[in-house]
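# Analysis of the macromolecular model
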Amino acid sequence: MRAAFASRFDDADPLAALTVGDQPEPRLPDEDWVTLRVTASSLNHHDLWSLRGVGLRAEQLPMILGCDAAGVDPDGNEVVVYPVVPTPGDPRGMSILSEHFPGTLAERVAVPRSNLLPLPAGLAAADAACLPTAWLTAWRMLTTKGRVADADAVLVQGAGGGVATAAVVLAVALGKRVYATSRDAAKRERIAELGATAVQPGARLPERVDLVIETVGAATFDHSLKSAALGARIVVSGATAGHEPTVNLRRVFAMQLEILGTSMGTPDELAALLTFCAERGVRPVIDSVVPFSRVGDAFARLHSGDVFGKVVVDHTA
Ligand SMILES: NC(=O)c1ccc[n+]([C@@H]2O[C@H](COP(=O)([O-])OP(=O)(O)OC[C@H]3O[C@@H](n4cnc5c(N)ncnc54)[C@H](OP(=O)(O)O)[C@@H]3O)[C@@H](O)[C@H]2O)c1
């Protein structure tokens, strides 16, 4: 079957480590696993990390990439994949598809049956394929970790990325005042169209916020600390611009801040997110939909850093 996979690692030029070609049909590691026909997937920064060799070992190559998918199960039902799978031998006891088991950027993918959620009526496969990683992460950052119900104002850093655009759309839909930073004037315009007040990175906000959504890291963390109100939560799920920021601890204790780390979310959180999107008419921000025949272009677009929202791959084209 056709697939997009890491055939080697290249830290300097991850696109050079990507191969599109034939791979063996999925193997079912256990009797409760099933094979899904993938109709749509979406890319994450995680796929670029994998091509760089972060989180994978050479003996795992070739590894089919992709964490996110919507597709059709063996009984003909349209489903969405929860991408965190039990993984004996992994110190975490779990892994995300493409870390240990082959990923979703293929014609077919094997997953435990319990990882399949029904595609809600009214949600297109391309939309659903954006939700299981970036949107689920943003949902958990806002709800379970960030306790957004207790917040009036939210700051989202680096608002062009997949997690960040999700956080802006969801926080606006939840009725919060949302501020979002981006280095790029065109992206700031688009963030404003989503209902946020868009500002330059580091800009002083008109008010302190109760919740900060951090995926940028070193480049924005000081601004996150300075923008946080008394008792605010700074929730971190990524560090695209560096994972060792300088942290002013005086500000942390004097303002009684909570700095919370999080990764992905639970199946129940994904189910809640799917219902929220279906019922509230919330749809993911899609940068572009690329046919599988041009999946390399999709990776190049993500790597360019010039994306606004999710890059979707259409497996039916
Ligand atoms: N833990 C999890 O479960 C989980 C899940 C999904 C993603 N992640 C992580 O979250 C991070 C975000 O991923 P993503 O795919 O949403 O987006 P991304 O492509 O990594 O981009 C995030 C944003 O970071 C900003 N940025 C990048 N370099 C910057 C710099 N030097 N200075 C200031 N801003 C900079 C950009 O914002 P502007 O261009 O708008 O300024 C960009 O839009 C990644 O590190 C990813 O690994 C974690």
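Note that the structure is a prediction, hence the values are computed from the model and not measured.

## Some remarks on the overall build of the protein
Per the secondary structure count, the protein includes nine helices and 18 strands. Taking 20 Å as the expected radius of gyration for a compact globule of 317 residues, we find that the protein reaches 19 Å, a close match to that expectation. Here the protein holds 317 residues, and 53% of them are scored as buried. A separation threshold of at least 6 residues defines the contact pool for the protein, and within that pool the share at least 24 residues apart is 70%. Accessible surface for the protein amounts to roughly 13,400 Å². Of this, 50% is attributable to carbon and sulfur atoms. Distance between charge centroids for the protein: 7 Å, based on 29 positive and 36 negative side chains.

## Observations regarding a nonpolar patch on the surface
Together, Val 247, Leu 249, Phe 253 and Ile 259 make up a nonpolar patch on the protein surface, roughly 390 Å² of accessible area in all. As for its position among the elements, Phe 253 is in helix H7 (residues 249-254).

## Concerning the environment of Gly 296
Counting through the fold element by element, Gly 296 comes out in helix H9 (residues 295-304). Taking C-alpha positions, Gly 296 is 10.0 Å from Ala 16, a pair spaced 280 residues apart along the chain.

## Describing the sheet that holds strand S4 (residues 63-64)
Reading across from one edge, S2-S1-S4 is the order of the three strands in this open sheet, with antiparallel pairing throughout. With one partner strand each, in any of the chains shown, strand S2 (18-22) and S4 form the two edges of the open sheet. The pairing of strand S1 (residues 2-6) with S2 spans five bridges and is classified as antiparallel. Along S2, the bridge assignment pairs Phe 5 with Thr 19.

## Details of the site of the ligand
Near the ligand, the surroundings consist of 23 residues, among which Val 163, Ser 182, Ser 237, Thr 240 and Met 264 are the closest. Interatomic distance of 3.2 Å between a side-chain N/O atom of Ser 263 and a nitrogen atom of the ligand. Between Met 264 and the ligand, the recorded distance is 2.6 Å, taken from a backbone N or O atom to an oxygen atom. Residue assignment for the shell around the ligand shows that the elements contributing at least two residues are helix H1 (45-52) and helix H4 (162-173). Residues that form the shell around the ligand fall into these classes: eight nonpolar, 13 polar and two charged.

## Re H9
Looking at H9, one finds that the buried residues are Val 295, Ala 298, Phe 299 and Leu 302. Buried residues in H9, looked at end-on, bunch into an arc of 95 degrees, giving them a common side. Gly 305 lies just past H9 and shows a positive phi near 80 degrees.

## Thoughts on the pattern of salt bridges
Under the counting rule described, the total for this entry stands at 16 salt bridges. Taken together, the shared-partner salt bridges connect Glu 25, Glu 107 and Arg 108 into one network.

## Concerning the packing of aromatic side chains
Aromatic ring pairs: the centre-centre distance and the angle between the two ring planes describe each pair. Under the defined criterion, the tally for this structure stands at two aromatic pairs. Ring plane angle 55 degrees and centroid distance 4.7 Å describe the contact between Trp 33 and Phe 101, whose orientation is recorded as tilted. In this pair, Trp 33 sits in strand S3 (residues 33-42) while Phe 101 sits in the loop between strand S8 (94-96) and strand S9 (108-112), placing the two residues 68 residues apart along the sequence. Relative to Phe 276, the ring of Trp 139 lies with its centre 5.1 Å away and its plane at 50 degrees, an arrangement referred to as tilted. In this pair, Trp 139 sits in helix H3 (residues 131-145) while Phe 276 sits in helix H8 (residues 267-280), placing the two residues 137 residues apart along the sequence.

Criteria and thresholds
For every chain, the first residue of its written sequence is number 1, and the numbers climb from 1 along that sequence. Restriction of local features to residues with pLDDT of at least 70 applies here, the model being predicted, together with a cutoff of 80 or more for giving and counting side-chain atom pairs; totals for whole chains, interfaces and linings are based on all residues. Side-chain measures were taken over the full set of non-hydrogen atoms in the model, leaving aside hydrogen atoms and water. Only runs of H or I of at least four residues qualify as helices and only runs of E of at least two qualify as strands under DSSP, and these elements are numbered from the N terminus. Atoms counted for the radius of gyration: C-alpha only. Globule rule: 2.2 Å times the number of residues to the power 0.38. Residue exposure (1.4 Å probe, protein chains only): buried if accessible area is under 20% of the type maximum, exposed if over 50%, otherwise partly exposed. Whether two residues touch is decided by their heavy atoms; if any such pair falls within 4.5 Å, the residues are in contact. Per-residue and other accessible areas were derived by the Shrake-Rupley procedure at a 1.4 Å probe size, with only the shown protein chains allowed to occlude residues. The sign given to each residue is positive for Lys and Arg and negative for Asp and Glu; His and the chain ends receive no count. Think of each charge as sitting on NZ of Lys, CZ of Arg, CG of Asp or CD of Glu. Patch members must show over 30% relative accessible area and no salt bridge, and they are joined within 9 Å when carrying like charges or within 5 Å when they are nonpolar side chains of Val, Leu, Ile, Met, Phe, Trp or Tyr. The working definition used for a salt bridge is a side-chain nitrogen of Lys or Arg within 4 Å of a carboxyl oxygen of Asp or Glu. Here a strand pair is declared whenever DSSP counts at least two bridges between the two strands. The criterion for a residue being near a molecule or strand is simple. One of its heavy atoms has to lie within 4 Å of it. Counted as a polar contact is a pair of N or O atoms within 3.5 Å, where, for protein atoms, one must be capable of donating a hydrogen and the other of accepting one, and residues adjacent in sequence contribute only when both atoms are in side chains. Any residue that is not Ala, Val, Leu, Ile, Met, Phe, Trp, Tyr, Cys, Pro, Asp, Glu, Lys or Arg is counted as polar, Gly included; the first ten are nonpolar and the last four charged. An arc is given here, and it is the one of the directions from the helix axis to the C-beta atoms. Centres within 6.5 Å are what make two rings of Phe, Tyr or Trp a pair, Trp counting through its six-membered ring; a difference in plane orientation under 30 degrees is then read as stacked, over 60 as edge-to-face, and the rest as tilted.

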